[in-house]
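Okay, here's what each chain looks like letter by letter:
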Amino acid sequence: MEDRIFDAQRRYDDLSVQLADPSIHADPKRLREVSREHSRLSGIVEAAARLRRAREELDGAQSMLADAAGDPEMAEMARAEADHLTGEVRRLEGELKLLLIPRDPLDDRDAVVEVRAGTGGDEAALFAGELFRMYSRFADRQGWKLEVLSVSEGTAGGYKEAVFIVRGAHAYGDLRYESGVHRVQRVPATETQGRIHTSAATVAVLPEAEEVDVQINPNELKIDVYRSSGPGGQSVNTTDSAVRITHLPTGLVVTCQDEKSQHKNKDKAMGVLRSRLLDMRIAEQESARARDRKSQVGTGDRSAKIRTYNYPQSRITDHRIGFTTHALQQFLDGAIDEVIENLKLASQEEREDRAA
């Protein structure tokens, strides 16, 4: 780990010099790349500095403990301080280990998230709505911004589909592990005999693509406009502001009705289309990732699951890593940090095993 910290510090110093060079501001793409990497490495540098200070303080407490052999009161204070600092060092080592996990260059991108109701009818739509709320709360906890692109409401509430962008540091790197089928087990409000039903919703997380990533031929697009529906203000249903874009070569269809402006909706829809095309291209280049995506997202069938939300037992289980928590309500309120960190570590260990 020390070698990785040294390399990160050296790279951080090099990028700091580059950012101080006025010439880099003439190349927006290069500036964006350098700034992203500099921001990521700053977290490692700061965590390493905190760990270094904690280790120094622990050495001091242990020396004080050794010197206080004849003073029981002083020895007790030194021992308590050493125990506290030992726990802090272990915590910081874990935090740094997580930060040092090699990142996919796309991890620093914003994330396009698509939540869709799967098996289960109205109950699946209600669950999809709860997942949307969960990610909204998680974004708030992270200090991220969430932009809704389009929603299709269920007949009994919730969403048949919700597409949104999460903007913030490492949004895609964290949320990418949410891709897959989420299964819920509970008694629906409409169930009169108290029977537990199983429903499912799918989540797909894509890295937001930039124009330089994917070039789209305008002649290969079919663009339709129509009147938006649902939440959106007084102009809803009065103007043809909603936009539907069909990419003819692939058959991909993207809609956006969030803005009152047709032009803004078109720009957002194009952004989502680029992200989907980028994701398809990456999947084609990396066959392993393509297989993962197929098994994770599937068709929304309840048997192809990555996580189960069991309401009667207040239990959430992530089946990929065997992670279980009984804090279901806190989890649905956006406290999903722990499972994401465990998924990152498991992913890193899997990569290291393959490389060994």
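As the structure is a computational prediction, the values presented were derived from the model and not from experiment.

Considering the overall build of the chain
Stage number 1. The secondary structure content of the chain amounts to 9 helices and 11 strands.
Stage number 2. Contacts in the chain between residues at least 24 apart in sequence constitute 63% of all its contacts with a sequence separation of at least 6.
Stage number 3. For the chain, the exposed area adds up to about 18,700 Å²; of that, 48% sits on carbon and sulfur atoms.

Some points on the pattern of salt bridges
Stage number 1. Per the counting criterion, the structure on display carries 28 salt bridges.
Stage number 2. Ionic pairing is found between Arg11 and Asp14, a salt bridge with its closest N-O pair at 3.0 Å. Placement of both Arg11 and Asp14 in helix H1 (residues 2-19) is noted, with a separation of 3 residues, approximately one turn of the helix.
Stage number 3. Owing to a relative accessible area of 30%, Arg11 belongs among the partly exposed residues under this scheme.
Stage number 4. Relative accessible area serves as the criterion here: at 35%, Asp14 is assigned to the partly exposed category.
Stage number 5. Salt-bridge contacts for Asp337 lead to Arg141; the nearest nitrogen and oxygen are separated by 3.6 Å. Highlighted residues: Asp337 in helix H9 (residues 337-355) and Arg141 in helix H4 (residues 121-142), separated in sequence by 196 residues.
Stage number 6. Linked through salt bridges whose partners overlap, the residues forming this network are Asp110, Lys145, Glu147, Arg167, Glu208 and Lys268.

Some words on the nonpolar core
Stage number 1. Residues Val113, Leu131, Tyr135, Leu175, Leu273 and Tyr309 are the most contacted members of the largest nonpolar core, which totals 55 residues.
Stage number 2. Sorting elements by how many residues they give to this core places H4 first, with 8 residues.
Stage number 3. By size, the runner-up hydrophobic cluster in this structure holds 21 residues, among which are Leu15, Ile44, Val45 and Val89.

Regarding the side chain of Asp110
Stage number 1. Along the chain, the position of Asp110 falls in the loop between helix H3 (72-99) and strand S1 (111-117).
Stage number 2. Judged by relative accessible area, Asp110 falls into the buried class, the value being 18%.
Stage number 3. In terms of polar contacts, Asp110 uses its side chain to reach the side chain of Arg167, at 3.0 Å.
Stage number 4. Beyond its immediate chain neighbours, meaning those up to four positions away, Asp110 contacts Ile165, Val166, Arg167, Gly168, Ala171, Tyr172, Leu206, Pro207 and Glu208.

Points about the environment of Gly271
Stage number 1. Relative to the assigned elements, Gly271 resides in helix H6 (residues 262-285).
Stage number 2. On a C-alpha basis, the gap between Gly271 and Ala209 in space is 6.8 Å, while along the polypeptide they are 62 residues apart.

Some words on the pairing of S1
Stage number 1. A large share of S1 lies buried, amounting to 5 of its 7 residues.
Stage number 2. As defined by bridge partners, S1 adjoins strand S3 (residues 159-167) across 6 bridges and the pair is classed as antiparallel. Note on S3: the bridge partner recorded for Val113 is Phe164.
Stage number 3. Both S1 and strand S5 (residues 197-207) contribute to a ladder of 7 bridges, which runs antiparallel. The residue of S5 that forms the bridge with Val115 is Val203.

Thoughts on the packing of aromatic side chains
Working definition: an aromatic ring pair is given by the centre-to-centre distance plus the angle between the planes.
Stage number 1. Overall, the coordinates contain 5 aromatic pairs when judged by the stated rule.
Stage number 2. With a centroid separation of 5.5 Å and an interplanar angle of 85°, the aromatic rings of Phe132 and Tyr159 are classed as edge-to-face. Placement of Phe132 in helix H4 and of Tyr159 in strand S3 is noted, with a sequence separation of 27 residues between them.
Stage number 3. When the centroid spacing of 5.5 Å and the interplanar angle of 90° are considered together, the rings of Phe138 and Trp144 count as edge-to-face.
Stage number 4. What makes Phe138 buried here is its relative accessible area of 2%.

Observations regarding the sheet that holds strand S6 (residues 221-226)
Stage number 1. Across the sheet, which stays open at both edges, the 3 strands sit in the order S6-S7-S8 with antiparallel pairing between neighbours. With one partner strand each, in any of the chains shown, S6 and strand S8 (252-256) form the two edges of the open sheet. Averaged over all pairs of adjacent strands, the angle between strand axes in this sheet comes to 15°, irrespective of strand direction.

Overview of H3
Stage number 1. Its 28 residues place the ends of H3 40 Å apart at the C-alpha level, agreeing with the 40 Å of an ideal helix rising 1.5 Å per residue.
Stage number 2. Listing the buried residues of H3 in full gives Ala75, Ala78, Ala82, Leu85, Val89, Leu92, Leu96 and Leu98.

Overview of the side chain of Asp107
Stage number 1. One can find Asp107 in the loop between H3 and S1.
Stage number 2. On the basis of relative accessibility, which here comes to 7%, the residue Asp107 falls in the buried class.
Stage number 3. Separated by 2.4 Å, the side chains of Asp107 and Arg176 make a polar contact.

Some points on unusual backbone geometry
Stage number 1. Even without being glycine, His170 reaches a positive phi, approximately 60°.
Stage number 2. Assignment of secondary structure puts His170 in the loop between S3 and helix H5 (171-175).

Comments concerning the confidence of the model for the chain
Stage number 1. Averaged over all residues, the pLDDT of the chain is 85; the fraction at 70 or higher stands at 88%.
Stage number 2. Every residue in residues 231-237 is under pLDDT 50, and counting partners more than four places away or in other chains gives 11 contacts.
Stage number 3. Of the regions scoring below 50 in pLDDT, residues 292-303 engages in 26 contacts with residues more than four places distant in sequence or in other chains.

Procedures and definitions
- Residues numbered from 1 in each chain as written.
- Predicted model: local features only at pLDDT ≥ 70, side-chain atom pairs only at ≥ 80, totals over all residues.
- Heavy atoms only, no water.
- Helix = DSSP H or I, 4+ residues; strand = E, 2+ residues; numbered from the N terminus.
- Contact = heavy atoms within 4.5 Å.
- Areas by Shrake-Rupley, 256 points an atom, 1.4 Å probe, with all protein chains shown as cover.
- Salt bridge = Lys/Arg side-chain N within 4 Å of Asp/Glu carboxyl O.
- Buried < 20%, exposed > 50% of the residue type's maximum accessible area, 1.4 Å probe, protein only.
- Core = buried A, V, L, I, M, F, W, Y, C linked by side-chain atoms within 4.5 Å.
- Polar contact = N/O pair within 3.5 Å; in protein donor to acceptor, adjacent residues only side chain to side chain.
- Pairing = 2+ DSSP bridges.
- Phe/Tyr/Trp six-rings, centres within 6.5 Å; stacked < 30°, edge-to-face > 60°.
- Axes fitted to C-alpha atoms, helices over the stretch in contact; angles between N-to-C directions.
- Expected span 1.5 Å × (residues − 1).
- pLDDT = per-residue confidence, 0-100.

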